[in-house]
There are 2 protein chains.
Amino acid sequence: MAVESAVEFAAGNGERFVEELTALLRIPSVSTDPERVGDVRKAAQFVADELARIGMENVHLIETTTPTHNGHPLVYADWLHVPGKPTVLCYGHYDVQPAEPLELWKSPAFEPEIRDGNIYARGAVDDKGQMWMHVKALESLMTAHGGKLPVNVRVIVEGEEEVGGEGIAAFVREHGDQLKADVALVSDTEMFAPELPTLCVGLRGMIYTEIEVNSARGDLHSGIFGGAAPNSFIGLAQIIAKLKDENGRILLPHVYDKVQQPTEAELEAWKKLPFDEEEYREKEVGTSALTGEPGYGVLHRLWARPTLEVHGMPGGFIGAGAKTVIPAKAVAKVSMRLVPDMTPAETFALLRDYVATIVPKGCTVEVRMIHSGDPIVISTDNHFVTAATEAMKTVFGKDTVFVRGGGSIPIVGDFVRELGIPTVLMGFGLPDDNLHAPNEKFNLSNFHRGIESIVRWLELVGA
Amino acid sequence: MAVESAVEFAAGNGERFVEELTALLRIPSVSTDPERVGDVRKAAQFVADELARIGMENVHLIETTTPTHNGHPLVYADWLHVPGKPTVLCYGHYDVQPAEPLELWKSPAFEPEIRDGNIYARGAVDDKGQMWMHVKALESLMTAHGGKLPVNVRVIVEGEEEVGGEGIAAFVREHGDQLKADVALVSDTEMFAPELPTLCVGLRGMIYTEIEVNSARGDLHSGIFGGAAPNSFIGLAQIIAKLKDENGRILLPHVYDKVQQPTEAELEAWKKLPFDEEEYREKEVGTSALTGEPGYGVLHRLWARPTLEVHGMPGGFIGAGAKTVIPAKAVAKVSMRLVPDMTPAETFALLRDYVATIVPKGCTVEVRMIHSGDPIVISTDNHFVTAATEAMKTVFGKDTVFVRGGGSIPIVGDFVRELGIPTVLMGFGLPDDNLHAPNEKFNLSNFHRGIESIVRWLELVGA
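These numbers were taken from a predicted model, which means no experiment stands behind them. (Residues numbered from 1 in each chain as written. Chains lettered and ligands numbered in written order. Predicted model: local features only at pLDDT ≥ 70, side-chain atom pairs only at ≥ 80, totals over all residues.)

A.B. asks: Could you give me a rundown of the overall build of chain A, with the residues and numbers involved?
C.D. replies: Of regular secondary structure, chain A possesses 14 helices and 18 strands. Burial status across chain A gives 56% buried among its 463 residues. Excluding contacts between residues fewer than 6 apart, the proportion of contacts in chain A whose partners are at least 24 apart in sequence is 79%. (Helix = DSSP H or I, 4+ residues; strand = E, 2+ residues; numbered from the N terminus. Buried ≥ 20, exposed ≤ 12 C-beta atoms within 10 Å, placed from the backbone. Contact = placed C-beta atoms within 7 Å.)

Below, the structure is given as structure tokens:
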């Protein structure tokens, strides 16, 4: 059978696949860094070249720069020669988060190193490693089928996922016809636990904002003005302290009004997942106490309740030593995670309007939206999901668990809204992979099993 | 009389004095800039050469570099030939702040320009111009007295005032015997208003600290962990919001216990000073509302009440755009200004102990002292102060006002503690001289009247 021959090909070429991934991980395609524009494009070209080499067609970069957006290119490819069979849209991203703080990496972020069966590098699992599984599954099938595929396939790989994905969102909105498909495959999530095949069926949305406080005409000397002039950082701290209570409940009026309660069946299933709160607190978070909304379990809070976080507070004096300035301007990067049926626009308005009621004396405050994404929930009763559980049962020997993700993958909402197609979120990361943090890794066994799972899934979708 | 002849000499040579100051101001002796080390030394040598030329003795540079400190030299000189008369220690500094932002200067920072009776340049008033008044007063007296002075004089001029003054502090501590004197003269302050002779008789002290919050083993993805993991920045904001109330009253228990109430006479005198709170709010601070402890006037808050400020909050993500990280570590640079009889050690303990009682859930907190300085109040009932008011009355035709400063001049505390001598803070700057800012200036009429005031004061001290 062709599928077994594809699986065999993948197994026999696994070492080469890792070497190729290593080369891709060496490219510091940090999409948020203006100095890395060239590296980001280099990563795009790397992916495009490989798609062309394995036999995909119409391979090209799609520019996303517009008069108002300095974009990174999309990589597109397709192979559409089995009429009557479904079309699968494989999505991934080749851009990565910044690697800072560099000093906390055991091996340099862009010099991949294999230790204990894991490959360590920025982007290892998010998402270069997982996107590469798609490419290698396609290569394996293409070889086993003598230059053909069992289904129609389109590939779209973006370079702005870590900076909001504006370019692909515009492309999906304006050129949806060029991405016509029956289902999307996204591998940018994780397994609930090692050895436990997992499908993600819900994702939180988000709004990412900046709250800026201004308190004076300019920076002032704290000796000369301290005691009379307002301080933008103290004002901002007072605002932040009023956004959440000390347990973690969000204090914006009406913020919980639209929150959908998960079904009883879903809540029951979550209770059966292998989850030890004490171990999670100590090992995964590494804190003396978890926080969060009282009255809800950890998984419920992470997957089906909104949250609000502060990511950093630019402005003022942050160098070594002492500078006695009263900063005139302070900014907080504040995001909120949303769940169905919250919407970004409504939630941003709640935040902005509430902040306007708690402006500290002597300060002016502006709340800006940086980007946003819708929350989604995916139904589990369709052929594509069934095929995924079947494929992973063969590879892992276990039934798939359905979980939600606390994070956001805005493109999944775009696929639903603009293309009208469901997404299968089949991811092979692990909870301790250090996404967006130092020492990001990807388990190589999961890389190989991921390729096999995708090979088998594509074959079943085309059966 | 010799004093009138000295005043006449100063008047007749005023133009030359300004030309010499101009040459000194051309030397960009920015002490914080490693590339200006040569210029800083050039300025030291310029001062030393002039002290030697006018007849001061033992003129030499004192190196301050140690294995742990990359220092700029002190300039020393003395003339000690009137036994039985007091010894005056003249202090000043020849280093300056950086000139950035350069584009905001109307004429270049190191190309002095005279406009509207002011000399514009970095260091014009802080402190080259004011230090030069000392040198020129000594020259005038030396000439009038036929190569002698009416009192014993030591001169010490430092080159690290703008970077913490570590070198002179160590010298005063370790070689105080070489600076033996009865009183110090410092001209590094300002007049309360034009035409208003002013003595500064109090300075606030300070503690400069860092408050560090840690909340997790490392940075975490806000999608995956948001809702369960504590957030170091939110925890730190909650702490800061509890340090001061919304009016600006400091919430540390017992922080006001040791605060000395100014005398009724001092409070009365402050009320008579020409101060328009509304103009101060709008022009000097540039804010919609002043803040501060209820129940105290602005000058009282600035001069005789402690304050607490946040200067910046390093850590987390502060780049452009969006990064969805829950930062594991957040730091706030927090300083407090102290007034008599507060001490840095006691105040730091109050801060540290109070913060320990408000540690947010899931966080650990450390409070570190970076540096500190004692607050001081100078008594006004001594011969040196009386001589100063008398001298300035002759020059300005007005009674001196006694004010305090909200900032710190740590060397004044060192003179009290290490040398056991009072300081006369006779300064001739103006409130709009733009210290540490673009377009720094010094009023030339104040330069000349300052020289005359110092000539008359030295004569009276020796009378």
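A.B. asks: Can you break down the interface of chain B and chain A residue by residue, with the values?
C.D. replies: Tallying the contact residues gives 72 residues for chain B and 78 residues for chain A. Of all the elements in the fold, those that place two or more residues in the side of chain B that touches chain A are β10 (220-221), α6 (222-225), α7 (232-241), α10 (298-304), β11 (307-316), β12 (325-326), β13 (329-338) and β14 (364-373) of chain B. Split into classes, the residues belonging to the side of chain B that touches chain A amount to 30 nonpolar, 30 polar and twelve charged. Bridging between strand β11 (residues 307-316) of chain A and β11(B) involves three bridges; their strand directions are antiparallel. Residue pairing across strands places Met313(A) opposite Met313(B), the latter belonging to β11(B). (Nonpolar A, V, L, I, M, F, W, Y, C, P; charged D, E, K, R; others polar. Pairing = 2+ DSSP bridges.)

A.B. asks: Summarise the sheet that holds strand β14 (residues 364-373) of chain A; cite the residues concerned and give the values.
C.D. replies: In space, the eight strands of this open sheet follow the order β14(A)-β9(A)-β13(A)-β11(A)-β11(B)-β13(B)-β9(B)-β14(B), with antiparallel pairing throughout. Both edges of this open sheet fall to β14 of chain A together with β14 of chain B, since each of them pairs with a single strand only. Taken over all neighbouring pairs, the strand axes of this sheet differ in orientation by 25° on average, direction set aside. (Axes fitted to C-alpha atoms, helices over the stretch in contact; angles between N-to-C directions.)

A.B. asks: Describe the relation of the copies chain B and chain A, with residues and values.
C.D. replies: In this arrangement, two copies of a chain are superimposed by a rotation about an axis accompanied by a shift along the axis. If you rotate chain B by 178° and push it 2.0 Å along the axis, it lands on chain A with an RMSD of 2.2 Å. Looking at the interface residues of chain B, 96% of them are also at the interface in chain A, so both copies use one shared face. (Least-squares fit on C-alpha atoms with pLDDT ≥ 70 in both.)

A.B. asks: If you had to explain the pairing of strand β13 (residues 329-338) of chain A to someone new, which residues and values would you point to?
C.D. replies: Residues and elements named next belong to chain A. Burial analysis of β13 places nine of its ten residues in the buried class, which makes it a mostly covered element. Sheet topology note: the strand β9 (residues 205-214)/β13 ladder contains ten bridges and is antiparallel. Residue pairing across strands places Ile211 opposite Ala332, the latter belonging to β13. Where β11 and β13 come together, five bridges link them in antiparallel fashion. When the sheet's bridge partners are listed, Leu308 is paired in β13 with Met336.

A.B. asks: Break down the domain arrangement of chain A for me, with residues and values.
C.D. replies: All names here are of chain A. Segmenting chain A into domains produces domain 1 (2-203 + 376-461) and domain 2 (205-260 + 302-373). When each unit is reduced to the centre of its C-alpha atoms, the spacing between domain 1 and domain 2 is 34 Å. Each side of the interface is counted separately: domain 1 has nine residues, and domain 2 has nine residues. Elements with a contribution of two residues or more to the side of domain 1 that touches domain 2: β16 (401-405) and α13 (410-419). Taken together, the residues of the side of domain 1 that touches domain 2 break down into two nonpolar, six polar and one charged. (Domains from an automatic or database assignment.)

A.B. asks: Explain the sheet that holds strand β5 (residues 118-120) of chain A to me, using residue names and the numbers behind them.
C.D. replies: Residues and elements named next belong to chain A. Spatially, β4-β5-β18 is the arrangement adopted by the three strands of the open sheet, whose pairing is antiparallel. At either margin of the open sheet sits one strand with a lone partner, and together these are β4 (113-115) and β18 (441-443). Ignoring which end each strand starts from, the neighbouring axes of this sheet average 25° apart. Lying on the sheet, helix α4 (residues 124-144) is in contact with β5 and β18; it crosses β18 at an angle near 45°.

A.B. asks: Describe the environment of Gly406(A), with residues and values.
C.D. replies: Mapped onto the fold, Gly406(A) is located in the loop between β16 and α13. Residue classification places Gly406(A) among the buried positions, given that 25 C-beta atoms sit within 10 Å. Residues in contact with Gly406(A), not counting those within four places in the same chain, are Arg204(A), Leu302(A), Trp303(A), Arg337(A), Gly223(B), Ile224(B), Gly226(B) and Gly227(B).

A.B. asks: Before we move on, could you go through helix α2 (residues 14-25) of chain A and cite the residues and values that matter?
C.D. replies: Note on helix geometry: an α-helix contains 3.6 residues per turn, so any two residues three or four positions apart are oriented the same way. Residues and elements named next belong to chain A. The end-to-end C-alpha distance of α2, which contains twelve residues, comes to 16 Å, matching closely the 16 Å that a straight helix rising 1.5 Å per residue would cover. Phe17, Leu21, Leu24 and Leu25 are the residues of α2 that are buried. Looking down the long axis of α2, one finds its buried residues gathered within 95° of arc, a one-sided arrangement. Seen from the open side of α2, the exposed residues pointing more than 90 degrees away from its buried face are Glu15, Arg16, Glu19 and Ala23. (Expected span 1.5 Å × (residues − 1). Arc of directions from axis to C-beta.)

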